[in-house]
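Descriptive analysis of the structure
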Amino acid sequence: MGTNSEDERSESSSKRAGAERYASREDERRFPRVPDSDDDDDAVMVPEAGSGGSRSREGTDHAREGAIATDGGANAEGDSCSPDTCTCGEKTAEPAAESTGDKRVATDGAGAANVDEMGELGDLEFTEPAENVSQDVDNGSPDARVGIPDGVELETPEYSIRSRMNDIETPDEKTWFMELDEAVIDEGRCIQCGTCVAACPSDSIGIGDDGHPELVKMCTGCSMCWDFCPRGGLRYERQWKITGGEDNVKGAGDPITEFSAKVEDDWTDQAQDGGVVTGILSTLLEEGEIDGALVATESDEQEWKAESYLATTTEELIANAGTVYNQTMALGNLDLGQWEHKLPDKSWDELSIAIVGTPCEIEGIRALQDFEWDYQAQNEGIRAVDYTIALMCTKNFNYHSLMGEQLEEQRGISPSEIGKMDVLNGKMMVYDHEGEMIVEEDIENFHDAALKGCDECADFTGFCSDITVGSVGSSDEYSSVIVRTEQGMDAWELTEPKLDYHDLEDKSAVGKLQGWDKKKAFESLERPFDPDAPRFIEYTDHAENYGTTLNPHDDGH
């Protein structure tokens, strides 16, 4: 049987060698076993025969002890396989191996690493990774192929499709958070009202450590963050005519009535002016009109830094009485889920809350409530707001700029020393814990700490609110109160028995400061001020007026 097998193998080998010798005589058939192609495809190219080097690993750093030699013997050094001979051991096996029992394993020509002469797998060997050294990564062009033999050209799609996609201009009708970032946040015009956070229907916008909006997951390009931003797409003066009288562009607006008032109670020492805001909110709580009020509280970590807080008891309201002169991103904290532990056991649509904020925040909540869209996490909170109280405001401040740079660094006053702050009659007034005034300066001296976007606001008295409260127009210890809506009138009538009040002492003072605020806005606004124009401003129109990049995606934003 052994002799017949050898004869058969010899005859087979002889026939194969003869056929290959015949094929080698024809130039166009240089590569045996490669079939002819019916296509004349010049793109298909193959390397020249014999151009490749030896593939044996022996003699290299990668050779393994015990790996099968594939050099074909001592006399084959530098030789390579040909149609007539095979020096790698892959195509032929020595007849003696069968008879002697020395079984040699055919290899692929590169040497079978980790396999001994009997074909047994040995211990695997791994290259030890380098320590304290970055991985050696090919930083070449991502559309360049590597390891192509010399003289070979390969036509591939590369990244051409992606490149063409990247060259497509962003449609003008689709506005992304990136546009808001470009035109408002990066420009320093953000007023930190949080309207964009509340408006986002995919909860893609959060609040960063710097107190500004930031993208926390992929933007869908729905345009709503832009549309509702009072410094972006929301024409805030158009909102005034929705909730107030036709005169709202003039003077102090068209209120139902106005008073100078204060609450007669011991706790008002901690309050700003007459404590009217706290008095109204506590009355609404006691009467069951609301389940809580979103107000500002002082941060536990940073003194005089404001944060949003849902007060659900009179004690909590009193503890947080007073004014803190920086924004809280209030509308970004209307996710009632975070306050669920404090709210009564009711369905979300039965809850009622009040919100106290600056005029721009009230403009934002009014606009959001005018549309029945689903605002995701903030939706129930937006729908639950039944009472709005605006604080008279000419401008607000960046916390770090006001408390850190202006007061502590430049004036040597630590936040821990401050007991009360007030902005009145164009002055910044700071008091210590004993009530002694330690700073009284023109507010213009603190201009660098003010939010730049506040200059564009013409709404000193909160035209969109149910009730406006401030100090302008009333004497010390009294608050000026402007009632604008029927909802505000209901709240006032409930609170009236607790109040000491009389007609507003100085209407002209309120109107004068409103006029000054409006004049300042006209000087700062780059767009037309038009209460009769559409509510939303197209990004393309804003870009034309402010010189903002139309498609920041394509401009490397």
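The structure contained in this document is the topic of the report that follows. Small disclaimer: the values here were computed from a predicted structure and weren't measured.

What counts, and where the lines are drawn
- In this numbering scheme, every chain counts its residues from 1 along its sequence in written order.
- Two thresholds apply to this predicted model, a pLDDT of at least 70 for residue-level local features and 80 or more for giving and counting side-chain atom pairs, whereas whole-chain, interface and lining totals are computed over all residues.
- The side-chain values count all of the structure's non-hydrogen atoms but skip hydrogen atoms and water molecules.
- Put simply, DSSP marks the helices as runs of H or I at least four residues long and the strands as runs of E at least two long, and each gets a number from the N terminus on.
- Accessible area is worked out with a 1.4 Å probe on protein chains only. A residue is then buried under 20% of its type maximum, exposed over 50%, and partly exposed in between.
- Two N or O atoms form a polar contact when they lie within 3.5 Å of each other; inside protein one atom must be a possible hydrogen donor and the other a possible acceptor, and for residues adjacent in sequence the pair counts only when both atoms belong to side chains.
- Here, residues are in contact when the closest pair of their heavy atoms is within 4.5 Å.
- Residues enter patches when their relative accessible area tops 30% and they take part in no salt bridge; the joining distance is 9 Å for like charges and 5 Å for the nonpolar side chains Val, Leu, Ile, Met, Phe, Trp and Tyr.
- Only the protein chains shown count as covering a residue, and every accessible area follows the Shrake-Rupley method with a 1.4 Å probe.
- Put simply, a salt bridge is a Lys or Arg side-chain nitrogen that is within 4 Å of an Asp or Glu carboxyl oxygen.
- Counted charges follow a simple rule, with Lys and Arg positive, Asp and Glu negative, and His plus the chain ends left uncounted.
- The atom standing in for a charge is NZ when the residue is Lys, CZ when it is Arg, CG when it is Asp and CD when it is Glu.

**A look at the side chain of glutamate 316**
With respect to the helices, strands and loops of the structure, glutamate 316 is situated in helix 9 (residues 314-319). Glutamate 316 sits in the buried class, given a relative accessible area of 19%. Within polar-contact distance, the side chain of glutamate 316 engages the side chain of lysine 342 at 3.1 Å. Ignoring any residue separated from it by four or fewer positions in sequence, one finds glutamate 316 in contact with Tyr309, Leu310, Ala311 and Lys342.

**Focus on helix 8 (residues 276-286)**
Counting buried positions along helix 8 yields ten of eleven residues, so the element is predominantly enclosed. Val276, Val277, Thr278, Gly279, Ile280, Leu281, Ser282, Thr283, Leu284 and Leu285 are the residues of helix 8 that are buried. A positive phi of about 75° marks glycine 288, the residue just after helix 8.

**Re the side chain of asparagine 320**
Along the chain, asparagine 320 turns up in the loop between helix 9 and strand 6 (353-357). By relative accessible area, which is 17% here, asparagine 320 ends up buried. At 2.4 Å, the side chain of asparagine 320 and the side chain of threonine 297 are in polar contact. A distance of 2.8 Å separates a polar atom in the side chain of asparagine 320 from the backbone oxygen of glutamate 316. The contacts of asparagine 320, once residues within four sequence positions are left out, are Val295, Ala296, Thr297, Glu298 and Tyr309.

**Some details on a negative patch on the surface**
Negative charge collects at one region of the surface, where Glu287, Glu289, Asp386, Glu486, Asp490 and Glu493 lie side by side. Among the elements that take part in the negative patch, helix 13 (residues 486-495) stands out by supplying three residues, more than any other. As for its position among the elements, glutamate 287 is in the loop between helix 8 and strand 4 (292-298). Owing to a relative accessible area of 47%, glutamate 287 belongs among the partly exposed residues under this scheme.

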